[in-house]
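Remarks on the overall topology
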Protein chains: 4
Amino acid sequence: MFSAVHPPDDPHLAASDPEPSRSEFKERLWAIIFEAETPSGKFFDVALLWVIGISVLAVMLESVESIHRQYHQPLLVVEWICTVVFTVEYILRIWLVRRPRRYIFSFYGIVDLLSCLPSYLALIFTGGSHFIVIRLLRLLRMFRVLKMVGHVRGANTILRGLAASRAKITVFFFSMLIFAMLAGTLIYIVESGEPGTAFTSIPVSIYYAIVSITTVGYGDLAAQTVLGRLITALMVLAGYAIIAVPTGIVASDMVREALHPDESTDACPGCGAHGHLNDAVYCRKCGELLDD
Amino acid sequence: MFSAVHPPDDPHLAASDPEPSRSEFKERLWAIIFEAETPSGKFFDVALLWVIGISVLAVMLESVESIHRQYHQPLLVVEWICTVVFTVEYILRIWLVRRPRRYIFSFYGIVDLLSCLPSYLALIFTGGSHFIVIRLLRLLRMFRVLKMVGHVRGANTILRGLAASRAKITVFFFSMLIFAMLAGTLIYIVESGEPGTAFTSIPVSIYYAIVSITTVGYGDLAAQTVLGRLITALMVLAGYAIIAVPTGIVASDMVREALHPDESTDACPGCGAHGHLNDAVYCRKCGELLDD
Amino acid sequence: MFSAVHPPDDPHLAASDPEPSRSEFKERLWAIIFEAETPSGKFFDVALLWVIGISVLAVMLESVESIHRQYHQPLLVVEWICTVVFTVEYILRIWLVRRPRRYIFSFYGIVDLLSCLPSYLALIFTGGSHFIVIRLLRLLRMFRVLKMVGHVRGANTILRGLAASRAKITVFFFSMLIFAMLAGTLIYIVESGEPGTAFTSIPVSIYYAIVSITTVGYGDLAAQTVLGRLITALMVLAGYAIIAVPTGIVASDMVREALHPDESTDACPGCGAHGHLNDAVYCRKCGELLDD
Amino acid sequence: MFSAVHPPDDPHLAASDPEPSRSEFKERLWAIIFEAETPSGKFFDVALLWVIGISVLAVMLESVESIHRQYHQPLLVVEWICTVVFTVEYILRIWLVRRPRRYIFSFYGIVDLLSCLPSYLALIFTGGSHFIVIRLLRLLRMFRVLKMVGHVRGANTILRGLAASRAKITVFFFSMLIFAMLAGTLIYIVESGEPGTAFTSIPVSIYYAIVSITTVGYGDLAAQTVLGRLITALMVLAGYAIIAVPTGIVASDMVREALHPDESTDACPGCGAHGHLNDAVYCRKCGELLDD
C-alpha cells in the first residue's frame, strides 16, 4: 500500500517533457491530466478527487439495505457516470503516454483499469457483490492525484522512516507472532476444558492472543478460568511493554535520520562500524559489503 | 480545538497597555478581568474557573434522570446565577476592550456569547436539549483563564510539535483511512453472508475496521468466520505497527526542535538540502521557495 | 505514587552515620533494618519483601468466596503473623531513628502504621471489608525495600523524565478531558433519543468518550446510530493521533536530558533563549526569572 | 524468548571451522546443516523452515473439531513425517558437533529434542493434549534458521535497546503492577456490593484493572456504579499517560545508542557523571564501580 504513494519512478507519469512531435492538443491534454501546475491541471485533479470520492461513497451507500431499496436508481446513475468518466480518463491516458504498454501494466495502470472494469463486468455476470471491493480500489487512485497536489514530502519522510526500520520491524513482528502462537496455545490448553468455552481450537485461541497483545480486546472471547485470566494478564502486560519497542525503533531511526541525514542507520555486518554514509556500498573500515 | 490555546494573537486580550484616556475605574477593571498579575486579577481568574466548573457540572448533572427529577430547582438556580455572571462578564469585556467589534467576532468572543445565550433562548424555545452542547462550550473558556494562570509554555511546545508534524500526520491519516476502508470492505464481503451477522453494510464494516485498527475494539461487532478473524488479526497487527509511525514522527520532530531549535525540519523540495533555519523562505543552496 | 519511590530526602531513612553515642546493639539493628550493604541487612530486606508479598496475597485470596470458606483459619493465622512482624518492625524503627516524630509523620511512617493498624481495628469494629484497601497499602512498603536493593537509578530516570514533562503533560490531559467532555455530550445528544439506549446521561457518555479515546473500548456502551458511530470513529481516530503527543513529549525530553544532561529543557519565558543550564535561575540572555 | 534470537554464543552452532580430522562426508553434512552460505546449506534452511511451518500448522488444524474429524488420518501422516525429519536432524546434529553433551543441554538442543519427543510419548501415553504446546515449541526452532538467513542485525538492535532499558522497564512494571493492585482493590470495594456484580473477588478486580490500564478492555467485566466508572475513567487515563513512559525510555535509549554508540546510557552511581564508554567498569571521575 505504501509503495503506492510515490510512483515518480514511473517515467510515464512524472515526465513533464513530452516529445515535440506531438500535436498541440495532445500536449495541452497532457498538461491537464498529468500535471498540476497549470490552473486547468489543478482543476482536473480536484474534479477527479471529487468523482473518486462520490463513486466510492455510492458503492458504500448501496451496501446499506435501506438506502439500496430506496435509492437504487439514482445510485446506479451516479455509478455509471463515474464509470464513464474513469473509462474516458483511462483511454486518454493510454493515448497520451509514450509507452502505453508500460503504463497499462504499471501499478496505477492496473488500478485505473480496475476502476472502470467491474461496472461493465456486472452487466454480464449478475449478482457480483464481490466486485465491490475491486471498485473501492478506486481509493488508491487518490494517492496519485494527491501526489501532485501536495503533502508528498510528509509521505516521503514516513516511507524513509519505515524503510530504515524495515529489518527491525520484521524481526519484531516475527517474534510477536510466535509469542502469540505460544500464548494462544497455552490459553487453549487451560480454557478448552471449560463447559461452554469459546476457545474451541488453537487458531481461535491464537486469534484471541493477537487481539489481546495488540490491546484491541473485543471481548467476544474472554478467559473464564483463574489460570486463563492470569496468563491473559501476563500476556497483555507483555504486549503493553512490546508496543514500546517498535515505537522506539521508528522514533530513534527518524531522529537519527533527521540529525545525520547522510549517515546510514546500520552498522557494518563485518566489523560493526557505525556512521556509514547512506550511499556507501562497502564498509569504510573493513571493506565488507553493506547490505541494502 | 488546539488553536484555542494561544490566542495572544488577539491584541484585545493580550494588550496590557490600555489607553491613558481611560478612566481610572475602567483601568482597574481591565487589570482585574484581563490580567493575572495583580492579586485581584488572580482572584478573578480563579473565581471564574470555579463558576465555569460549577456551571458545566450543573449541565452534566441535569442530564442524569434521577438527579433531574429530584434537584431540578436548585440546578436551575445555579444555572441562572452562572448565566448572569457570564452575561455581566461578557458586557464588561465589550465595554472595556478598545475595539469591541473585533472582540465580539473573535474566537473567545463567540465562545463567551455562547456561554450565556442558550439559557435565554431556552426561555423562548422550550425543549431545547440541543442547547446543552453549546452550554458545554463554556469549557473552552477555561483555556483563556488558564493561559493567564500558567502552563502556557507546555501548550506551546505541544502545539509547535504538532505544527511541525502536520503534513506528515495528514498523510498518515489519509493512508490509514483508505486502509480502513479497504479492510472494512473486505470484511464486509467475508462476513455479510453469515446468518445473523452484525456486518450489515460497508459503512458499518468500515466503522469496525477503524475501531479495530485503533485498538479500541468495543466488541459490539466481531468477526465470526475463520476468514473474517484472519483478516481482523492481520489488520489489527498492522494497526499495532502503524501506531509506531505517528509517535515516531512526533518524537523525532520534537527531539529535532529541542536539539536544533533554529533549524527547520523540512528538506528543500528542490534540491533536498537539510538544515534550513526556521525563518528561511528560500533554500540556501538552490534558491527554491521553501513551503511553510 | 511515584513520589514514593525516592524518599532519600528523608534523612532518617537514608542517613548511614548514626550517632556514636548509641549502644552497639542499637547500631547493629540500625544496620540490619535501614541498610542493605551487610549480609544480614540484605537478608532482612529480602525476608521483609517475602512477608509483604505473603500478607498481600493472603488479603487477596481471602476475598475469593470459595477460598474464604475453606481456608479462613490458616489465612487468618498468616495475616496475624504478618501483622505482628510489621508491628515489631514499626516499633523498632521508631526506637532506632533519631527523630521519631519526623519518621511517624513521614510518608513511609504512615504507610508502616497503616500496615499493621487495620488488623487491630478489625478486632474492635467487625465487618470492616473497607480496611482491605488499607492493608494493601503494604504494597507501597515494597518501594522502600526495593530502593535499597537496587533499581533506583532506573526509577530516578523515569521520575526525572516525568518531572521534565510535567507541565506539558498537564496541558495535554486538560485538553483531552475537555475534548472527552465535548465529544461525550455530542454523543449523548445523538444517541440518547434511541429506544433502549445505554447513553442515559452526559456523565455516562463522557465515561464512554474517555474509554474510547484511550482506546480501551469495553463495549458495555456502544453507539448504535449511524451518526453516533461516525462521531465515535472520528473521536477514536483523534485519540489514536493524540497518544503520539505525550509519547513524543516524554521521548524528546528524555533524549534531550540524555544528550545534554546539564541543559534545561525549557526556553526562557522572556526572550525564548534555549539551552539554559539546569541550575540556572535567571536567563543568561535577558535576565528574566526562569520558572522551576 | 528474546535471548533465543542470538545463540552465536553457543560455539557448536556458530563454529565454521570443523576439525580437519573429520571425514569429508561429515564436513559436507556440517556445511549443509550448520551453515547457510552454500546453496545446499541455504536449501536445507529453507526446507527446514517449511517443515517447521507445516508441522505447526498440522498441530493447529488438528485442534479444530471439524477438521480433526474429517482429516485426522492425513494430518497424522504429516505429523509423523515431520517428526521423523526432526528426529533425523536431531541425531545428525548430535553426531556432527564436537561436544554433543554441550549441544544436548543447550537451549536449542532441548528445543530440538522437544520437537520430536512428544509424538513418541503420545504413542505410549494416550490422550495427551498437553503435549500440543510442547510441539508448538518447534516454532522456536525458526529463530535458529532465521539467524542464518538474515535479519539478525535488526534483532540485535532490538535486544540491545531492550537490554539498555532493562532496569528502567523493571521499575516501570513493578510500579504499574502495584498501581493495578491498588486500583483493582478500590474497584472491588466499590463494585462488589452491587447485585449480580462480576467483581466477585480482589484477584478478578485486579485482572480488570490490568486489562483496563493496558487499554485492552474486553468488556467481560465492566463497572456499573457511578463511582466505579469514575475510578475506571481515572485509571484508564493514567494508563494512557503511563504508556508514554516506557516508549519514551526505549526511544531515548535507542537514540542515545544510535548517536553515541560507544557511550553508556548510565550515570555513575557514585558521582552521577555521564558519558562513560560502554566498556568502562569504573567511573572515570570518581573511580566508583559502575554496575553492568
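Rules used in this analysis
- Residues numbered from 1 in each chain as written.
- Chains lettered and ligands numbered in written order.
- Predicted model: local features only at pLDDT ≥ 70, side-chain atom pairs only at ≥ 80, totals over all residues.
- Heavy atoms only, no water.
- Helix = DSSP H or I, 4+ residues; strand = E, 2+ residues; numbered from the N terminus.
- Buried < 20%, exposed > 50% of the residue type's maximum accessible area, 1.4 Å probe, protein only.
- Contact = heavy atoms within 4.5 Å.
- Areas by Shrake-Rupley, 256 points an atom, 1.4 Å probe, with all protein chains shown as cover.
- Least-squares fit on C-alpha atoms with pLDDT ≥ 70 in both.
- Salt bridge = Lys/Arg side-chain N within 4 Å of Asp/Glu carboxyl O.
- Buried area = accessible area lost by both parts, 1.4 Å probe.
- Nonpolar A, V, L, I, M, F, W, Y, C, P; charged D, E, K, R; others polar.
- UniProt positions renumbered as here; feature names shortened; annotations may be inferred.
- Expected span 1.5 Å × (residues − 1).
- Patch = residues over 30% accessible without salt bridge, like charges linked within 9 Å, V, L, I, M, F, W, Y side chains within 5 Å.
- Core = buried A, V, L, I, M, F, W, Y, C linked by side-chain atoms within 4.5 Å.
- 1 Å grid on protein atoms, 1.4 Å probe; cavity = no way out; pocket = protein on both sides within 12 Å on 5 of 7 lines; lining within 4 Å.
- Points joined across faces, edges and corners; volume = space filled by probe spheres on them.
- Polar contact = N/O pair within 3.5 Å; in protein donor to acceptor, adjacent residues only side chain to side chain.

**What to know about the overall build of chain A**
What chain A contains, in helices and strands, is 13 helices and zero strands. For chain A, the N- to C-terminal ordering of α and β elements is α-α-α-α-α-α-α-α-α-α-α-α-α. Per-residue burial for chain A yields a buried fraction of 52% across its 292 residues. Restricting the contact set of chain A to residue pairs at least 6 apart, pairs at least 24 apart contribute 52%. When the accessible surface of chain A is split by element, carbon and sulfur atoms take 66% of a total near 13400 Å².

**Things to note about the relation of the copies chain B and chain D**
For the match of chain B to chain D, the screw axis carries a shift of 0.0 Å, the RMSD comes to 0.0 Å, and the turn is 180 degrees. The relationship between the two copies is best expressed as a two-fold rotation axis. A symmetric contact is evident, with 100% of the interface residues of chain B recurring at the interface of chain D.

**A short note on the pattern of salt bridges**
By the definition in use, this model includes 20 salt bridges over all chains. Salt-bridge contacts for Arg93 of chain A lead to Glu89 of chain A; the nearest nitrogen and oxygen are separated by 2.8 Å. Taken together, the positions of Arg93 of chain A and Glu89 of chain A, both in helix α4 (residues 65-96) and four residues apart, correspond to about one turn of that helix. A residue is classified by how much of its surface remains accessible, and Arg93 of chain A, at 2% relative accessible area, is buried. Here Arg93 of chain C makes a salt bridge to Asp112 of chain C, at a shortest N to O gap of 4.0 Å. Of this pair, Arg93 of chain C sits in helix α4 (residues 65-96) while Asp112 of chain C is found in helix α6 (residues 107-124), placing the two residues 19 residues apart along the sequence. As far as burial versus exposure is concerned, Arg93 of chain C and Asp112 of chain C are alike and both buried.

**Description of the interface of chain B and chain D**
Each partner contributes residues to the interface: chain B has five residues there, and chain D has five residues. Of the roughly 210 Å² buried between chain B and chain D on both sides combined, carbon and sulfur atoms contribute 42%. Applying the counting rule to chain B against chain D returns zero salt bridges. Looking at side-chain class alone, the side of chain B that touches chain D contains two nonpolar, three polar and no charged residues.

**Observations regarding the UniProt feature "transmembrane region" (unreviewed entry) in chain A**
All names here are of chain A. The sites that UniProt annotates as "transmembrane region" (unreviewed entry) are residues 47-64, 76-97, 117-137, 169-190, 196-218 and 230-251. The span residues 47-64 is 89% helix and 0% strand, and its two end C-alpha atoms sit 26 Å from each other. Helix makes up 52% of residues 196-218 and strand 0%, and the two end C-alpha atoms of the span are 19 Å apart.

**Side note on helix α11 (residues 202-213) of chain B**
At 3.6 residues per turn, the α-helix brings residues three or four places apart onto the same side. Between its terminal C-alpha atoms α11 of chain B stretches 16 Å, which fits the 16 Å expected from 12 residues at 1.5 Å a residue. Judged by how many residues are buried, α11 of chain B sits mostly within the fold: 11 of 12 residues are covered.

**Topic: unusual backbone geometry**
All names here are of chain A. We note that Thr215 has phi near 60 degrees; this positive angle belongs to a residue other than glycine. As for its position among the elements, Thr215 is in the loop between α11 (202-213) and α12 (226-242). You can call Thr215 buried: its relative accessible area is 7%.

**Focus on a nonpolar patch on the surface**
Residue and element names in this part refer to chain A. Taken together, the side chains of Val84, Val88, Tyr120, Leu123, Ile124 and Phe125 make up a nonpolar region of the molecular surface, amounting to roughly 590 Å² of accessible area. Listed by contribution, the elements that provide at least two residues to the nonpolar patch are α4 and α6 (107-124). When residues in the nonpolar patch are grouped by element, the largest group, three residues, is from α6. Along the chain, Tyr120 falls in helix α6.

**Things to note about the nonpolar core**
Counting 236 residues, the largest nonpolar core has Tyr208 of chain A, Tyr208 of chain B, Tyr208 of chain C together with Tyr208 of chain D as its most contacted members. Apart from the residues within four sequence positions on either side, Tyr208 of chain B is in contact with Tyr207 and Tyr218 of chain A together with Ile187, Phe199, Leu221, Ala222, Ala223, Thr232 and Met235 of chain B. By size, the runner-up hydrophobic cluster in this structure holds eight residues, among which are Ile33, Phe34, Tyr90 and Val97 of chain D.

**Side note on helix α3 (residues 39-62) of chain C**
If you check α3 of chain C, its first and last C-alpha atoms are 35 Å apart, about what 24 residues at 1.5 Å a residue would give, namely 34 Å. When we look at burial in α3 of chain C, the residues that qualify are Gly41, Phe44, Asp45, Leu48, Val51, Ile52, Ser55, Val56, Ala58, Val59, Met60 and Glu62 of chain C.

**Some details on empty space enclosed by the protein**
Scanning the entire structure with this criterion turns up eight cavities of 30 Å³ or more. Taken as a whole, the largest cavity encloses approximately 310 Å³ of empty space. Ile243 of chain A, Ile243 of chain B, Ile243 of chain C together with Thr215 and Ile243 of chain D are, among the 21 residues lining the largest cavity, the residues nearest its centre. Grouping the constituent residues of the lining of the largest cavity by class yields eight nonpolar, 13 polar and no charged.

**Digging into the environment of Gly53 of chain C**
Residue and element names in this part refer to chain C. Tracing the backbone through its elements, the reader meets Gly53 in helix α3. Look at Gly53 and you get partly exposed, because its relative accessible area is 28%. A sequence separation of 29 residues divides Gly53 from Cys82, and the C-alpha atoms of the two residues are 10.0 Å apart.

**Structural notes on the side chain of Thr214 of chain D**
By the secondary structure assignment, Thr214 of chain D is in the loop between α11 (202-213) and α12 (226-242). When its relative accessible area of 0% is taken as the criterion, Thr214 of chain D is described as buried. There is a polar contact of 2.7 Å between the side chain of Thr214 of chain D and the backbone oxygen of Ile210 of chain D. In this view, Thr214 of chain D contacts Thr215, Val236, Leu237 and Tyr240 of chain A together with Met176 of chain D; residues no more than four positions away in its chain are not counted.

**Remarks on the side chain of Ser63 of chain A**
Along the chain, Ser63 of chain A falls in the loop between α3 (39-62) and α4. Polar contacts involving the side chain of Ser63 of chain A include one to the main-chain amide nitrogen of Ile202 of chain B, which spans 2.6 Å. Every residue in contact with Ser63 of chain A, bar those within four places of it in the chain, is listed here: Tyr188, Thr200, Ser201, Ile202 and Pro203 of chain B.

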